[in-house]
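# Coordinates in review
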Amino acid sequence: MNEFDINNLVTKQRKFFQTGKTLSLNFRIQALQTLHASIQLHEDDLYQALYKDLGKSPSESYMCEIGLVYSELHYMLKHIKIFSKEKKVRTPISQAISKSYIKPTPKGNVLIMSPWNYPFLLTMDPLIDAIAAGNTVILKPSAYAPYTAKVIECIIKESFPQKYVGIVMGGRKENQSLLSQKFNHIFFTGSQAVGKEVLKKAAKNLTPVTLELGGKSPCIVDKTANIKLAAKRIVFGKFLNCGQTCVAPDYIYCDQSIINEFIEALIKEIQKQFSSQPLQNKLYGKIINEKHYNRLCNLLNENPILYGGKTETSTLKIEPTILYPCTWDHTIMKEEIFGPLLPILTYSSIDEVIPSINNHPTPLALYIFSNNKKIIDTITSACPYGGGCINDTVIHLATPYMGFGGLQESGIGSYHGKTGFDTFTHYKSIIDKKTWFDLPMRYQPYSKFRDTFIKFFLR
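So, a few notes on the structure that sits alongside this text. None of these values were measured; they are calculated from a predicted model. (Residues numbered from 1 in each chain as written. Predicted model: local features only at pLDDT ≥ 70, side-chain atom pairs only at ≥ 80, totals over all residues. Heavy atoms only, no water.)

### Structural notes on helix H1 (residues 3-18)
To be explicit about the condition: Each helix is a run of DSSP H or I of at least 4 residues and each strand a run of E of at least 2, with the numbering of both proceeding from the N terminus. Expected span, for any helix, means 1.5 Å times one less than how many residues it has. Here's how the labels work: a residue is buried when its accessible area is under 20% of the maximum for its type, exposed when over 50%, partly exposed in between, all with a 1.4 Å probe on protein chains only. The directions from the helix axis to the C-beta atoms are what the arc is built from. By the convention used here, residues are in contact when the closest approach between their heavy atoms is within 4.5 Å. For this analysis, a polar contact is any N or O atom pair within 3.5 Å, provided that within protein one partner can donate a hydrogen and the other can accept it, and provided that sequence-adjacent residues contribute only side-chain to side-chain pairs.
For H1, built from 16 residues, the straight-helix expectation of 22 Å at 1.5 Å per residue is met to within 8% by its first-to-last C-alpha distance of 23 Å. Listing the buried residues of H1 in full gives Ile6, Leu9, Val10, Gln13, Phe16 and Phe17. Taken down its axis, H1 places every buried residue within 130° of arc, on the same side. In H1, the exposed positions angled more than 90 degrees off the buried face are occupied by Phe4, Lys15 and Gln18. If you follow the buried residues of H1, they end up packed against helix H2 (25-41), strand S2 (98-106), strand S3 (109-113), strand S4 (136-140), strand S5 (165-167) and helix H7 (172-179). Its side-chain oxygen placed 3.1 Å from the backbone nitrogen of Phe4, Asn2 serves as the N-cap of H1. Once H1 finishes, Gly20 follows within two positions and takes phi at roughly 85°, a positive value.

### What to know about a nonpolar patch on the surface
In plain terms, the rule: Patch membership requires over 30% relative accessible area and the absence of a salt bridge. Like charges are linked within 9 Å, and nonpolar side chains (Val, Leu, Ile, Met, Phe, Trp, Tyr) within 5 Å. Using a 1.4 Å probe, the Shrake-Rupley method yields the accessible areas, and only the shown protein chains count as cover for residues. When a carboxyl oxygen of Asp or Glu lies within 4 Å of a side-chain nitrogen of Lys or Arg, that pair is called a salt bridge.
A cluster of nonpolar side chains, contributed by Trp436, Phe437 and Leu439, occupies part of the molecular surface with about 360 Å² of accessible area. On the secondary structure map, Trp436 appears in the loop between strand S20 (425-433) and helix H15 (448-458). With a relative accessible area of 66%, Trp436 lands in the exposed category.

### Re the sheet that holds strand S10 (residues 305-307)
Applied cut-off: Strands qualify as paired when DSSP identifies two bridges or more between them. Every axis in this analysis is a line fitted to C-alpha atoms, fitted for helices over the stretch in contact. Angles between the N-to-C directions lie between 0 and 180 degrees.
Strand order across the open sheet formed by 7 strands is S10-S13-S14-S9-S8-S15-S16, with mixed pairing between neighbours. Only two strands of the sheet have a single neighbouring strand rather than two, namely S10 and strand S16 (387-390). If you compare each strand with its neighbour and ignore which way they point, the axes differ by 25° on average. Across 3 bridges, the pairing between strand S13 (residues 321-323) and strand S14 (residues 341-347) is parallel. Paired with Thr321 across the two strands is Leu341, which belongs to S14. Here helix H9 (residues 227-239) sits on the sheet and contacts strand S8 (218-221), strand S9 (251-255), S13, S14 and strand S15 (365-369); the angle it forms with S14, its principal contact strand, is near 135°.

### Remarks on the pattern of salt bridges
Applying the stated rule across the entire model yields 11 salt bridges. Here Lys157 makes a salt bridge to Glu153, at a shortest N to O gap of 3.1 Å. Of this pair, Lys157 and Glu153 both sit in helix H6 (residues 146-159), separated by 4 residues, roughly a single helical turn. Under the relative-accessibility criterion, Lys157 is labelled exposed at 56%. Here Glu153 falls in the buried class, since its relative accessible area comes to 11%. Look at the salt bridges and you will find they share partners, linking Lys150, Glu153 and Lys157 into a network.

### Some thoughts on helix H10 (residues 259-274)
Relative to the 22 Å expected for 16 residues at 1.5 Å per residue, H10 spans 22 Å between its end C-alpha atoms, a close match to the ideal helical length. Three or more residues of H10 are buried, namely Ile259, Phe262, Ile263, Ala265, Leu266, Ile267, Glu269, Ile270 and Phe274. Residues of H10 that are buried sit in contact with S8, H9, S9, S10, S13 and S14. Trailing H10 by a residue or two, Ser275 shows a phi angle of about 80°, which is positive.

### Some details on the pairing of strand S7 (residues 209-212)
The cut-off we apply is this: Here a crossover is taken to be right-handed if, once the strands point away from the viewer, the path from the first strand over the helix to the second is traced clockwise.
Where burial is concerned, the two faces of S7 agree: the one with Val209 and Leu211 and the one with Thr210 and Glu212 are both buried. Inspection of the sheet shows strand S6 (residues 185-189) paired to S7 by 4 bridges, in the parallel sense. Paired with Phe187 across the strands is Thr210, a residue of S7. The parallel pair S6 and S7, bridged by helix H8 (residues 192-204), forms a crossover whose chirality is right-handed.

### Let's talk about the packing of aromatic side chains
The cut-off we apply is this: Two rings from Phe, Tyr or Trp (for Trp, the six-membered ring) form a pair when their centres sit within 6.5 Å of each other. Planes less than 30 degrees apart are called stacked, planes more than 60 degrees apart edge-to-face, and all others tilted.
All chains considered together, the criterion is met by 18 aromatic pairs. Ring centres of Phe16 and Phe27 lie 6.2 Å apart, and the angle between their planes is 50°; on these two criteria the pair is classed as tilted. Linking Phe16 in helix H1 with Phe27 in helix H2, this pair joins segments that are 11 residues apart in sequence. A relative accessible area of 7% means that Phe16 is categorised as buried. When its relative accessible area of 24% is taken as the criterion, Phe27 is described as partly exposed. Judged by centre distance (5.5 Å) and plane angle (90°), the ring pair of Trp116 and Phe338 falls under edge-to-face. In this pair, Trp116 sits in the loop between S3 and helix H5 (121-133) while Phe338 sits in the loop between S13 and S14, placing the two residues 222 residues apart along the sequence. When its relative accessible area of 16% is taken as the criterion, Phe338 is described as buried. An aromatic cluster is defined as three or more aromatic residues linked by ring pairs; in this entry it consists of Phe16, Phe27, Phe160 and Tyr164.

### A few points about the side chain of Lys317
Inclusion rule: His is not counted, nor are the chain ends, whereas Lys and Arg count as positive and Asp and Glu as negative.
Structurally, Lys317 is set in strand S12 (residues 317-318). The side chain of Lys317 is buried and forms no salt bridge, while Glu312, the nearest opposite charge, is found at 6.0 Å. One polar contact links the side chain of Lys317 to the main-chain carbonyl oxygen of Tyr284, over a distance of 3.1 Å. Not counting residues up to four positions away in its chain, the partners in contact with Lys317 are Leu279, Asn281, Tyr284, Gly285, Lys286, Tyr293, Lys310, Thr311 and Glu312.

### So, unusual backbone geometry
In the segment running from Tyr324 into Pro325, the intervening peptide bond is cis, with an omega of 0°. Residue position: Pro325 is located in the loop between S13 and S14. Across the junction of Gln444 and Pro445, the peptide omega takes the value 5°, indicating a cis bond. Tracing the backbone through its elements, the reader meets Pro445 in the loop between S20 and H15. Its identity is not glycine, yet Leu206 carries a phi of approximately 50°, on the positive side. If you trace the backbone, Leu206 turns up in the loop between H8 and S7. Leu206 sits in the exposed class, given a relative accessible area of 76%. Of note in this structure, Cys242 is not a glycine but carries a positive phi near 55°.

This is how it looks when you write it as structure tokens:
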């Protein structure tokens, strides 16, 4: 789609929004139901596309993408009537004989730009929230996951007229054309580098943004942890989707006193979950493309490999790999890994960990495996991060009952469930003043008596 077509699409959506049709609650509910039906119709196509793009098995595709989309749809259909209601609030005595209320209204024309690592989930979840809130939407899926993007295009065109929910396919050229348009909100999921460009473009039109980015998410394992269970859950969270998960544990901070036992447990779990030959395991995924595969291979060559490390260029596969011993001076610790490489650092006192984490960019997630409540409370209070888990990994994003998002370098804003509805909604604060009485004290000319009266009511 060229710039002229994109401009026309934005104009069509702006005009459609101004008709007020998306304000209807029934219209939104029907749109979500139509989307649900179309996804069900194309579920098998999605399994095939996700396998072609990322090597995902049907089980992983449903658990981590399709099933979570259904969950968001069901939640929103169940709660949309409550979320869309006006909410009456208290009126101060100084504004007596009035009704005060908050009115949820859609922001308007929304742009959603999604990434390649969870191409279906991270396109559909914000779309569901934006539709529920009453917006028109333009979707821009990643060109790096072309098979899934094609199925998404089919679902969208089958479900909605372009003036309501449209989709723009393509790469950087289309991204730039879209970002030159004026929207009422931009929702972007991707890298920090591209997120900065989105923010710059949005600033020109003073467009509000939600940025779902990433970062080096730490995973702390202290000496009170259940080591076998910690290893099991860390291996799951780290190597899910071949490590191409924005909230995957990026590195381990392990207590020096348990490091040998912990590494032994990690290796056993890798073999148990992916076999001793994961490159031949059909249920183990692949790296998205050659560019990212080569980047990860370079990291392998530059850092200490304790376990794993085998690669297969023909299939773009890299074994689950443990890198140890590592320090902040190693190249693997200079950037977000976004792959199946797990560096391990050690500490002798938990007091070393907090300043070490806090002296680096704010992570999207933080995980701590411990049975020491004091240590858990200290870390979760003292370290800034988007969200996380205690004694588990990644599952905090798989619920519509909490918002998901980053902080500072790892993102701006959040979504999922009610928080997602709020992201695409403006809440108007309104006072309905009655006309049968008018308090004269606020009008000039002022006097000492009026000043005393006003001070009484505004204390």
